[in-house]
Amino acid sequence: MSTCKTLLVMLLVLCSSALSAQERTITGRVIDAAGRQPLAGVTVSVKSSGTTSTQSDDNGNFTLRVPAEKFTLLATSIGYAPIEVEVSPNNREVIIRLSKNDAELGEVIVVGYNNKKRGELTSAVTVVSSEKLKDVTTNNIGNMLQGKVAGLQVVAASGVPGAAPEIRLRGISSVNASQSPLFVVDGVIGGNYDPNDVESVTVLKDAGATAMYGSQANAGVIIVTTKKAKAGRNRFEAKVTTGFRKADFGNMEMMNGNQLYDYQKEFYRDYIPGESDNSYKIDLLKFYAERPLSLRDQDYNWQNTIFSNAFMQNYYVSFAGRTEKSNYYTGVSYYNEKGTFMNTGFQRINLRANVTHNFAKWISVTNNINISASSGNSYDYMDIYYAYLNLPWDNPYDSVGRPRYVDGNSTFKWWSRDKINPVHTINNSDHPYKGFDVNYDFALNADITPWLSFSSSNRLAAGYNKSSNFFSPSTAGTYHGNGFLDELSTLNYGVISNNLLKFNLKYGDHGISGLAGVAYEGSKFEVLGGSGKGLPLGLKVLNVVSNSQLVQGYTNEAYIQSFLSQVNYNYLGKYFLTGSFRVDGSSNFPPGNQYANFPSVSAAWIASNEDFFNIKNVVNYLKLRASYGVTGTQDIGAARYLGLYSLSAQYNSAVGAVPLQLPSPNLTWESKHQINVGADISLFNRVNLTVDAYHNVTKDLLLQVSQPLSVGFEQRWENVGEIVNKGIEIGINSTNIKTRNFEWNTDFNINFNSNKLRALPAEIIKTGSWAISQIYRNGGNLYEFYMPKWMGVNEQTGAPQWERVIKDADGNVTGKELTSDYALASFQEVGSALPKFQGGITNTFRYKNLSLSVNAYYLYGNKVFSNNLRFVMNDGSEPYLNQIVLPSGYSVWTKPGDKATNPSPQNSANSTETSSRFLMDGSFLQIRNVTLSYSIPDSYVRKLKMEGITVSLSADNLHTFTDFVGQDPQTTITPASFATPGVSDFKYPNNRQFLFNINFRF
């Protein structure tokens, strides 16, 4: 035993000697670069090492064990800009000079068609770095931004694999025009990219920043900057992410077989409305005769059958480097997301290459290319519908495990109302899609003189997409015996060219810069498709369809030509003024209205730079900003102003023309007039605060206005009405605690927004599916629900009740009363689908090499119509549809005197008709992401010849706190043919996601 101990001690001594031979001790001092004063408490570490670190003492001195070979020191301190210092093998004493964190003031931000230092910004701009984006793994940058930018509402309206979220900035500014922000990739409008290739995202909010994009910036601008080589040696990165997803069904737990059996006893209660001899007891003899006891033991969970945990994986490899004249970046990523719903999924492969070559000091050329290919499988809405509504008493599989074919002629008992087995349908249908996109960017930058330069940025883009919907003749229902096939192919291609002259002049304390130039954008969209029935079994190609053939095809071509200019002025680094002017011409408008002007002006004052500002020990930085500008909307479609005829009819066996749309020769641009005031404040070198207040008015709304009957058309496109959005945004970034080994940072943002309509010629009521209406009126809210007001259940009769508003002959309200007659119920405004405020909070904790990040997103004050409830809480009107387990506080009326939420099944006439009964509070707080990561100590990493290794575990959409009853309070806010903003239907559920990630850096 003693021999073993002796050997062990010798081994430890040898290992210690070996390690000591690979390390050495250095000393150093940290000083203020401006005043040469020593700085205490500065964290000094070996870069990419989580354990090799120390802090400077009161005299700025430090001592540190470091690698024997060449390495890089990293020095950080609150209020100072971090600095990296290379240390050679022979250097044993280091002097580190830290500069004040004019920070972030000197950080270069991409805005409009040029770059500005953060300190020179005069408008409302938010920058999100890749470090703050990478907590969420997804194929879309919008999901990564949720809860991280004040004023940016990101709605995950669907959990379909590959689905993009809906994004809105500072409310809704139009009724019919697109409200998605304009995306700009590497300085050019539009473009394709992979989230792994993103270096940063810049959100432009006010017209001071967005007016440079004129007619395409009505909904804000999001600028995506992709990665490029950084200074220093070549860098290689590899990332592997894998895990699984689980469907989130929200607060809508469906009944199992036993629960449904007991619930249906309520349908057999002895109660006939109006009769005097009701016993209100359940007729068990009749119930057992119609519902045999064996049903208690039949419990097939349709959701667990059709939904299951799904595998997810993401791989990313990149290489970046520099030569004397060139820098280059190449990234390859593969994303594969299996769907939680049967036979659904999405995969994408993306290749990006960015190369810049400097032919001389005064001229450089950039070539960027992005190629992506994707494919996937979608779903049919009705299959999800049946996954919720089919009864648990029905088994989807036969005795040998095959999906059962079910229809009205089936000899076995099928309890569910609709004789459809969705598992059989899914296995005999297919909904594939695929796409291919190519973007090629070419940019030329040339310095003509020391103060004048020329910039040309251009993009060629092309994309092809194909989708199909196939139902085999063996499916039950509509397509049984015939089958159905529908295929649609789209080809889009276009070119963008921006050519600018830029200048930058300095005269003593004065600086003036700007640009002027032209931009052109042209695109073409081609659609070709066909459909038909009469398919032979086993075939799914269009050339074998034998009946109901339909061919469709059209093209859409549009162009925008623009003249743009901007001038920036600054004085003494304290006073800044920016003015811009853009003229856009669009082919979407009639000849007389094809051009529009989009001016803006903005100013800023860095008050903390003034000599009289003597509270810098508390308020380290104070900037005041103000801006005014106009943006517009040209995204109205290519033919809204034309008188159109439909050629789909026939006359005497020839093509017949039928009037389709009235001409609107005076149609013009929607324009948004924006005012913004804001302040950027830094407190105690720990807290950064940004506050903005805005007032935006969208004028000349594009609406379909009712016409006199004599015209022969019900509506025509006209410019009428205005939308006013006004609100306040607050963003806070704070370093709560920072020591040598522990750090706690918080990012918080909140946005309050009010949305009102005005200058409408008359009330407009829009009625969508299921008779769910919204009203637009002067002084009212956009997306305001308009329906009878639910007043609960009559305690004596168990009947549903609504409110009836009594008016006199002049339309004045004289009283209100309750009614159980739905036809007498009054339609009223009952709430808007738009929230009163929303935002997010992220807390990041670091202890040595361990880091924990918790991100939450919240939204308050909106209404969501839970349309699912009319089916799954139907009061016995549809006894052969499954029901939800009643939430806490809900009850069914059983006898006179009951204070119940749900009416008696025997007296529930019209109870599921559209009313505020199913209009829910859509407020929620969601734990969006939790990530626990660990950086492998540098001593181990160096042995592997690497720069760093990080492993992490993450959970997305971990939990949603809400009072909403239904599937999900996150629902669409985009109007469409079969979608009403704020209406939650049987959607593909969002998913919880649990992932393991490992990142290697060389």
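Residues numbered from 1 in each chain as written. Predicted model: local features only at pLDDT ≥ 70, side-chain atom pairs only at ≥ 80, totals over all residues. Heavy atoms only, no water.

### Notes on the pattern of salt bridges
Step number 1: Evaluated as defined, the whole model comprises 36 salt bridges.
Step number 2: Across the pair E337 and R245 runs a salt bridge whose closest N-O atoms are separated by 2.1 Å. Taken together, the residues span a long stretch of sequence, with E337 in strand β19 (residues 326-338) and R245 in strand β17 (residues 235-247) at a distance of 92 residues.
Step number 3: Each of E69, D938 and R942 takes part in salt bridges that share partners, so that together they form one network. (Salt bridge = Lys/Arg side-chain N within 4 Å of Asp/Glu carboxyl O. Helix = DSSP H or I, 4+ residues; strand = E, 2+ residues; numbered from the N terminus.)

### Here's the deal with the packing of aromatic side chains
Step number 1: On inspection of all chains with the given rule, the structure shows 45 aromatic pairs.
Step number 2: Between the aromatic rings of Y263 and F267, the centroid separation amounts to 5.5 Å while the plane-to-plane angle is 80°, which identifies the pairing as edge-to-face.
Step number 3: With relative accessibility at 13%, the residue Y263 sits in the buried group.
Step number 4: Judged by centre distance (5.0 Å) and plane angle (25°), the rings of F837 and Y860 are stacked. A residue pair is termed long-range when its members are at least 10 positions apart, and F837 in strand β46 (residues 837-847) and Y860 in strand β47 (residues 850-860) qualify at 23 residues.
Step number 5: Taking relative accessible area as the criterion, F837 reaches 23% and is therefore assigned partly exposed.
Step number 6: Cluster of aromatic residues (ring-pair linked, three or more members): F249, F307, F341, Y379, Y381, Y385, Y386, Y388, W770, F871, F986 and Y988. (Phe/Tyr/Trp six-rings, centres within 6.5 Å; stacked < 30°, edge-to-face > 60°. Buried < 20%, exposed > 50% of the residue type's maximum accessible area, 1.4 Å probe, protein only.)

### Observations concerning the sheet that holds strand β49 (residues 919-921)
By definition, the strands of a sheet pair up through backbone hydrogen bonds, in either a parallel or an antiparallel sense.
Step number 1: On the basis of which strands lie adjacent, the open sheet formed by three strands has the order β49-β48-β52 and mixed pairing. The open sheet terminates on both sides in strands that have one partner only, identified here as β49 and β52 (983-984).
Step number 2: In terms of strand pairing, strand β48 (residues 863-866) meets β49 through three bridges, oriented antiparallel. What sits directly across from V864, in β49, is M920. (Pairing = 2+ DSSP bridges.)

### Considering the nonpolar core
Step number 1: The biggest cluster of nonpolar side chains holds 57 residues, and the ones touching the most others in it are I306, L782, F785, V872 and F986.
Step number 2: No other element matches helix α9 (residues 381-389), which puts six residues into this core.
Step number 3: The two domains that each donate at least three residues to this core are domain 2 (104-231) and domain 4 (380-430).
Step number 4: The next biggest cluster of nonpolar side chains, apart from the first, holds 21 residues, and it includes I109, L121, L182 and I189. (Core = buried A, V, L, I, M, F, W, Y, C linked by side-chain atoms within 4.5 Å. Domains from an automatic or database assignment.)

### Examining unusual backbone geometry
Step number 1: The backbone of F684 sits at a positive phi, close to 55°, despite the residue not being glycine.
Step number 2: Structurally, F684 can be placed in the loop between β33 (670-683) and β34 (687-699).
Step number 3: With a phi angle near 55°, N685 is a residue other than glycine that sits in the positive phi range.
Step number 4: Structurally, N685 is set in the loop between β33 and β34.
Step number 5: Exposure remark for N685: the relative accessible area of 29% places this residue in the partly exposed category.

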